[in-house]
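Here is how the chains run, residue by residue.
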Amino acid sequence: MSDLHLSEQELLRRNSLQELRKLGIEPYPAEEFKVNATAAEILEHFDPEKNNYQEVHLAGRIMSRRIMGNASFIHLMDHTDRIQVYFRRDDICPGDDKTLYNTVFKKLLDIGDIIGVSGYVFKTQVGETSLHVKEFKVLSKAIRPLPIVKEKDGVVYDAFSDPDQRYRQRYVDLIVNEGVMDTFRKRTQIINSMRQFFNSFGYLEVETPILQSIPGGAAARPFITHHNALDIPLYLRIANELYLKRLIVGGFEGVYEFAKDFRNEGMDRTHNPEFTVLEIYVAYKDYHWMMDFTERLVEKVALDLHGKTEVPFGDKLINYQRPFKRVPILEAIREHTGFDVSGMNEEELREVCKKLGLEVDASMGKGKLIDEIFGEKCEHHYVQPTFIIDYPVEMSPLSKRHRNNPELTERFELMVNGKELCNAYSELNDPIDQLERFEEQLKLSEKGDDEAMFIDRDFVRALEYGMPPTSGMGIGIDRLAMFMTNNSSIQEVLFFPQMRPEKKKQIDSTEKFQEKGIPAEWVPIIQKAGYLTLVSMQQANPNKLHQDLCGINKKEKLGLTNPSKDEVQHWCSKE
RNA sequence: GACUUAGUAGCUCAGCUGGUAGAGCACAUCCCUUUUAAGGAUGGGGUCCUGGGUUCGAGCCCCAGCUGAGUCACCA
């Protein structure tokens, strides 16, 4: 393989790699390196009076390096923090042979390399806690240079900030950008905190199918795949709701699942094709109980994460202290539009939408129309946590009818920052009503609503055996993580957000060029000149190609004998 | 999917009215020898995203494409 495609810095590092091996130093050693301290721990607990941390073994990545003759400083970063490390030539090399310092440390190590160091902790004249190295060991050589980010007094210089690169190469983002790792630690902490809360009630964490033959429990376009052995289509789940309710039918008191769901829809700042949802179902409860439960949950998460209920988001301060306000959706619409839409039929609603300047189409039923009004005119007003409750029955095919008004359902959504965070119902457990609602959805889909729900007859059968009154709640984990870590984009709380795949350049093998009589040593040069395939080369102007090739030969000092113009002409000819 | 906007050195970015591709960091060589984002000096490093077009001449103008970002549409 040719090195022509590598940058100067990459070549230098590859060269250093070989030099290390020549000196008998394995750049990728197999054995364990025993660590007995972390950077954060030392920075916090070192005390010159006590003279502690005098035999420390630390491992991490070199993040900066300042060489001043026979003394040098580096910053070493481990999983906890960065600490300054001091190297002195005569400590590293007590004898006459100064290779380890002059060559290995000064020349063959680079920013980005992972090393282990042993020594004692002290404070420099400037007062920075540092590790004085007595021995060091190369643990892994980095042959690709890291972006250099510097920071002083909270000001970041030359940040690695291109979102494309940050998301595609999250590993680099995690290394060089402070705070990224913290966001993901917080994300896990949120999940741990919720799990602990559910377990304290004795509810059971379960797993349900991701591959489903009927994608139920929500209204969304699914991803479709195929099972070869059964020769049937399977869908990646858009929700796990119907499976969790089957488990309630089966007799569990409470079940929950942190579930990856998949929806084949648009991607933007708040939507990723795969996303995480927590759903929980508890028997013998209703949505009032669930509102109280949800408040406690969200408040606990805020407290566990931040030690207080007030959490900043953008230029706002969100207070997750319970209780949250409860506003019936029709009241919300009346408040923000002046229209009382309760009891209106489809035509009247259409009229209201028109007056409000909302676009509607024929496929929209009552539910969608009301949702449209709420989404456009009301939603964004609810910045502080607010329960919007009692949604019209058409909007909620899985929700139990309201005990006082059959037009409404016992449903709530928790709005934060003008966005839906949770969705919950007193679950519909009347099998006959459920089947009718599914059939209603079928009609909608025949009308052109491509997001109406599929009918899951097995789920109806389960309800026919009897499901206790149950309340269920779903909460978007990615969104919660965004709110709790003050990030306005979902990509910031997903390690590997979905991206368009990087385009792979088509490249012909050396053999393919050789078949045309082109010497193997010229192939990398042709490819360096930008002609990766034989065909692309043949389409080139032979004169230009000839000049390019001779130019590269000269510039890279390859010392090859230049081909004649006729030869290049011949390479380019098609026969 | 539509519109707007961006793509220049390993990273962050300049680049005038179209006229020989620049800076800082990183890298290399030398000097200095306990520095605090950066001690000093010198130097190497470029498919200006790709492909067409206009032009005597394109990083810059025009067209198309690729890959992001933002806004909207879609997403109960």
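Residues numbered from 1 in each chain as written. Chains lettered and ligands numbered in written order. Predicted model: local features only at pLDDT ≥ 70, side-chain atom pairs only at ≥ 80, totals over all residues. Heavy atoms only, no water.

Colleague: Would you take a moment to explain the sheet that holds strand β2 (residues 71–77) for this structure?
Modeller: Paired through their backbone hydrogen bonds, the strands of a sheet run either parallel or antiparallel. Pairing in this closed barrel of five strands is mixed, and the strands run β1-β2-β3-β5-β4 around the ring. For this sheet the average axis-to-axis angle between neighbouring strands, irrespective of direction, equals 50°. Alignment of strand β3 (residues 82–88) against strand β5 (residues 129–140), held across three bridges, turns out to be parallel. Each residue of the ladder has a partner; that of Val85, found in β5, is Leu131. (Pairing = 2+ DSSP bridges. Helix = DSSP H or I, 4+ residues; strand = E, 2+ residues; numbered from the N terminus. Axes fitted to C-alpha atoms, helices over the stretch in contact; angles between N-to-C directions.)

Colleague: Before we go on, may I ask you to explain the packing of aromatic side chains in this structure?
Modeller: The description of two aromatic rings rests on the distance between their centres and on the angle between their planes. What the rule picks out here adds up to 24 aromatic pairs. Aromatic side chains Tyr86 and Phe122 sit 5.8 Å apart centroid to centroid with 55° between the ring planes, which places their arrangement in the tilted category. With a gap of 36 residues between them, Tyr86 in strand β3 and Phe122 in strand β4 (residues 114–123) connect regions that are remote in the sequence. On the basis of an interplanar angle of 40° and a centroid distance of 6.1 Å, the ring pair of Phe495 and Phe496 is categorised as tilted. Assessed through its relative accessible area of 61%, Phe496 is described here as exposed. These aromatic residues form a ring-pair network of at least three members: Phe197, Phe198, Phe201, Tyr203, Tyr256, Phe258, Trp289 and Phe293. Directly above the aromatic system of Tyr243 lies the positively charged group of Arg246, at a separation of 4.5 Å from the ring centroid. Between Arg411 and the ring centre of Tyr391, over which it is positioned, the NZ or CZ distance is 4.6 Å. (Phe/Tyr/Trp six-rings, centres within 6.5 Å; stacked < 30°, edge-to-face > 60°. Buried < 20%, exposed > 50% of the residue type's maximum accessible area, 1.4 Å probe, protein only. Lys NZ or Arg CZ within 6 Å of the ring centre and 35° of its normal.)

Colleague: Can you walk me through the nonpolar core in this structure?
Modeller: For soluble globular proteins, nonpolar side chains are generally found buried alongside one another. Core analysis: the biggest nonpolar cluster contains 45 residues, and Met194, Phe198, Ile280 and Met484 have the highest contact counts within it. With residues near it in sequence (within four places) discarded, Ile280 still touches Phe198, Tyr203, Val255, Tyr256, Met290, Phe293, Ser471, Gly472 and Met473. (Core = buried A, V, L, I, M, F, W, Y, C linked by side-chain atoms within 4.5 Å. Contact = heavy atoms within 4.5 Å.)

Colleague: Before we go on, may I ask you to explain the pairing of β3 in this structure?
Modeller: If a strand is regular, its side chains alternate between the two faces of the sheet. In terms of burial, β3 is largely enclosed, as five of its seven residues are buried. Pairing between β2 and β3: seven bridges, direction antiparallel. Bridging across to β3, Ser72 finds its partner in Phe87. In this structure, the hairpin formed by β2 and β3 is closed by a connection of four residues.

Colleague: Where do I start with the side chain of Asp78 in this structure?
Modeller: Mapping Asp78 onto the fold places it in the loop between β2 and β3. With no salt bridge to any partner, buried Asp78 finds its closest opposite charge in Arg185, at an N-O distance of 8.0 Å. A polar side-chain atom of Asp78 sits 2.6 Å from a polar atom in the side chain of Thr80. Residues within four places of Asp78 in sequence aside, it is in contact with Ala37, Thr38, Ala39, Leu58, Ala59 and Gly60. (Lys, Arg positive; Asp, Glu negative; His and termini not counted. Salt bridge = Lys/Arg side-chain N within 4 Å of Asp/Glu carboxyl O. Polar contact = N/O pair within 3.5 Å; in protein donor to acceptor, adjacent residues only side chain to side chain.)

Colleague: I tried to follow the protein's contact with RNA strand B on my own but got confused; where do I start?
Modeller: Residues in close proximity to RNA strand B total 50 residues, the closest being Met68, Gly69, Lys152, His271 and Asp371. What you see for RNA strand B is that sugar and phosphate hold 57% of its atoms within 4 Å of the protein. For RNA strand B, a base oxygen lies 2.6 Å from a polar atom in the side chain of Arg66. Within the side chain of Gln491, an N or O atom sits 3.4 Å from a phosphate oxygen of RNA strand B. Residue assignment for the surface near RNA strand B shows that the elements contributing at least two residues are α1 (8–22), β1 (56–68), β3, β6 (150–152), α5 (163–168), α12 (366–377) and β18 (411–416). The element that contributes the greatest number of residues to the surface near RNA strand B is α5, accounting for four residues. Looking at side-chain class alone, the surface near RNA strand B contains 17 nonpolar, 11 polar and 22 charged residues. (Near = heavy atom within 4 Å. Nonpolar A, V, L, I, M, F, W, Y, C, P; charged D, E, K, R; others polar.)

Colleague: For this particular structure, what's the right way to read the packing of helix α7 (residues 180–200) against helix α9 (residues 287–306)?
Modeller: α9 packs onto α7 with a crossing angle of 135° between their chain directions and a minimal axis gap of 9 Å. As judged from the angle between their axes, α7 and α9 are oblique. The hand of the α7/α9 crossing is right-handed. When α7 is examined against α9, the residues Lys186, Gln189, Ile190, Ser193, Met194, Gln196, Phe197 and Phe198 are found in contact with a partner set consisting of Phe293, Arg296, Leu297, Lys300, Val301, Asp304, Leu305 and His306. Tallied by class, residues from the contact of α7 with α9 come to eight nonpolar, four polar and four charged. (Parallel < 35°, antiparallel > 145°, perpendicular 65-115°, else oblique. Left-handed = near helix turned anticlockwise from the far one by under 90°.)

Colleague: Even after reading the chapter, I still don't get the confidence of the model for chain A, so can you show me in this structure?
Modeller: Do not read the predicted coordinates in detail wherever pLDDT is low. Residues of chain A with pLDDT of at least 70 account for 91%, and the chain-wide mean is 87. For this predicted complex, the interface score ipTM comes out at 0.80, alongside a pTM of 0.87. (pLDDT = per-residue confidence, 0-100.)

Colleague: For this particular structure, what's the right way to read α7?
Modeller: Structurally, the α-helix is built with 3.6 residues per turn, so residues lying three or four positions apart point the same way. Here α7 contains 21 residues, and its C-alpha end-to-end distance of 31 Å stays within 8% of the 30 Å for a straight helix at 1.5 Å per residue. Along α7, the residues classified as buried are Val180, Thr183, Phe184, Lys186, Arg187, Ile190, Ile191, Ser193, Met194, Phe197 and Phe198. One or two residues past the end of α7 sits Gly202, with phi positive at roughly 85°. (Expected span 1.5 Å × (residues − 1).)

Colleague: Honestly, unusual backbone geometry in this entry has me stumped. Any pointers?
Modeller: Among all residues save glycine, negative phi is the norm, and among peptide bonds the norm is trans. Following Arg322, the chain continues into Pro323 via a peptide bond in cis, with omega recorded as 0°. Despite not being glycine, Tyr53 shows a phi value in the positive range, around 55°. Mapped onto the elements, Tyr53 comes out in the loop between α2 (39–45) and β1. Phi is positive for Asn417, which is not a glycine, with a value near 60°. With respect to the element layout, Asn417 can be found in the loop between β18 and β19 (419–426).

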